[in-house]
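Chain by chain, the residues:
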Amino acid sequence: MLNLPNVISALRVALMPVLVLLALEQKVIPFLGVLAFSLFSDCLDGYLARRLGQVTELGTRLDSWADLSTYTAMLMGLKVLWPEVFVREAGYLVAAFSAWLVPLLVCLARFRCLPSYHTWSAKLVAILLAPAYFVAVIWDSSLFLRGVLLFYLWVAFEQLVITCILPHWQSNVAGFWRAAAVARGSQPLELATGRSERNTP
């Protein structure tokens, strides 16, 4: 349970109050620096987990909580440090937040946990969101950010479909086609439960 990828994910969760404090104190450069580190470590923990064979159920859940913490801090930072950008993009932000909230609530109601599917589309959004955010706040250009937020509507819809068709919860579902294979029973039981994708502690 105590491995390097999990420590990195836990550190990302711990960085949320640091980001909030920096935003409230109007420290723009330190905020962007810590945020850049947090977003980079998001890519690092997943890579190390796969590379070192340390993909665990705890790590998957920690990564989801770390993502939630980081994105919450990004939203708050946008509201406090760049209020004009926040107001201008409010419609897109509300749409993306609503799209994120629906599959989360459905998953909590059905499986009593966060989705943690880490689909390919969700990974793509995670990669694109960082540069889109920085371009919006540094160069005051929101086109990239709007495109990423609109694409997230598909990510949320896919997560909702996965939650609805999975017979039981599992993490690391590449896409709705994988969930459909599990639902049809054509996926091997070991793979369906995720045991072949992680090393249990």
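All values reported here derive from a predicted model rather than from experimental measurement.

1. Examining the environment of S38
Here S38 shows up in helix α2 (residues 28-51). Placed 28 residues apart in sequence, S38 and A66 show a C-alpha to C-alpha distance of 9.1 Å. With residues up to four places along the chain from it excluded, the contact list for S38 reads R12, L15 and T70. Separated by 3.2 Å, the side chains of S38 and T70 make a polar contact.

2. Brief notes about a nonpolar patch on the surface
On the surface, a nonpolar cluster with roughly 740 Å² of combined accessible area is contributed by W120, L124, F151, W154, F157, F176 and W177. Sorting the residues of the nonpolar patch by element identifies α6 (120-138), α7 (143-165) and α8 (176-184) as the ones contributing at least two each. At three residues, the largest contribution of residues to the nonpolar patch is made by α7. As for its position among the elements, F176 is in helix α8.

3. Let's talk about the confidence of the model for the chain
Looking at the chain as a whole, its pLDDT mean stands at 87, while 92% of the residues score no less than 70. When the criterion is pLDDT under 50, residues 189-201 qualifies, and its contacts beyond four places in sequence or with other chains add up to 24 contacts.

4. Thoughts on the pattern of salt bridges
Scanning all chains against the criterion turns up seven salt bridges. For R12, the salt bridge is made with D63, and the minimal N-O distance between the two is 3.1 Å. With R12 in helix α1 (residues 4-24) and D63 in helix α3 (residues 57-81), this pair connects stretches of sequence that are 51 residues apart. The class of R12 is buried, set by a relative accessible area of 2%. Here the salt bridges do not stand alone but share partners, grouping R12, D42, D63 and D67 into one network.

5. Section: the nonpolar core
Within soluble globular proteins, side chains that are nonpolar generally end up buried alongside one another. Membership of the largest hydrophobic core comes to 30 residues, with the highest contact counts inside it found for F31, L35, L78, W82, Y133 and Y152. Those elements giving two or more residues to this core turn out to be α1, α2, α3, α5 (90-111), α6 and α7. At eight residues, α6 tops the list of elements feeding residues into this core. With residues near it in sequence (within four places) discarded, Y152 still touches A96, A99, W100, V125 and Q159.

6. What about the packing of α1 against α2?
Between α1 and α2, the least distance of the axes is 9 Å, while the angle of their chain directions is 165°. Between α1 and α2, the angle is such that the two are roughly antiparallel. α1 and α2 meet at a crossing whose hand is left-handed. Between α1 and α2, the contacting residues are L4, P5, I8, S9, L11, R12, L15, V18, L19, L22 and A23 on the first element and P30, F31, V34, L35, F37, S38, S41, D42, L44, D45, L48 and A49 on the second. Tallied by class, the residues present in the contact of α1 with α2 amount to 17 nonpolar, three polar and three charged.

Conventions used here
- Residues numbered from 1 in each chain as written.
- Predicted model: local features only at pLDDT ≥ 70, side-chain atom pairs only at ≥ 80, totals over all residues.
- Heavy atoms only, no water.
- Helix = DSSP H or I, 4+ residues; strand = E, 2+ residues; numbered from the N terminus.
- Contact = heavy atoms within 4.5 Å.
- Polar contact = N/O pair within 3.5 Å; in protein donor to acceptor, adjacent residues only side chain to side chain.
- Patch = residues over 30% accessible without salt bridge, like charges linked within 9 Å, V, L, I, M, F, W, Y side chains within 5 Å.
- Areas by Shrake-Rupley, 256 points an atom, 1.4 Å probe, with all protein chains shown as cover.
- Salt bridge = Lys/Arg side-chain N within 4 Å of Asp/Glu carboxyl O.
- pLDDT = per-residue confidence, 0-100.
- Buried < 20%, exposed > 50% of the residue type's maximum accessible area, 1.4 Å probe, protein only.
- Core = buried A, V, L, I, M, F, W, Y, C linked by side-chain atoms within 4.5 Å.
- Axes fitted to C-alpha atoms, helices over the stretch in contact; angles between N-to-C directions.
- Parallel < 35°, antiparallel > 145°, perpendicular 65-115°, else oblique.
- Left-handed = near helix turned anticlockwise from the far one by under 90°.
- Nonpolar A, V, L, I, M, F, W, Y, C, P; charged D, E, K, R; others polar.

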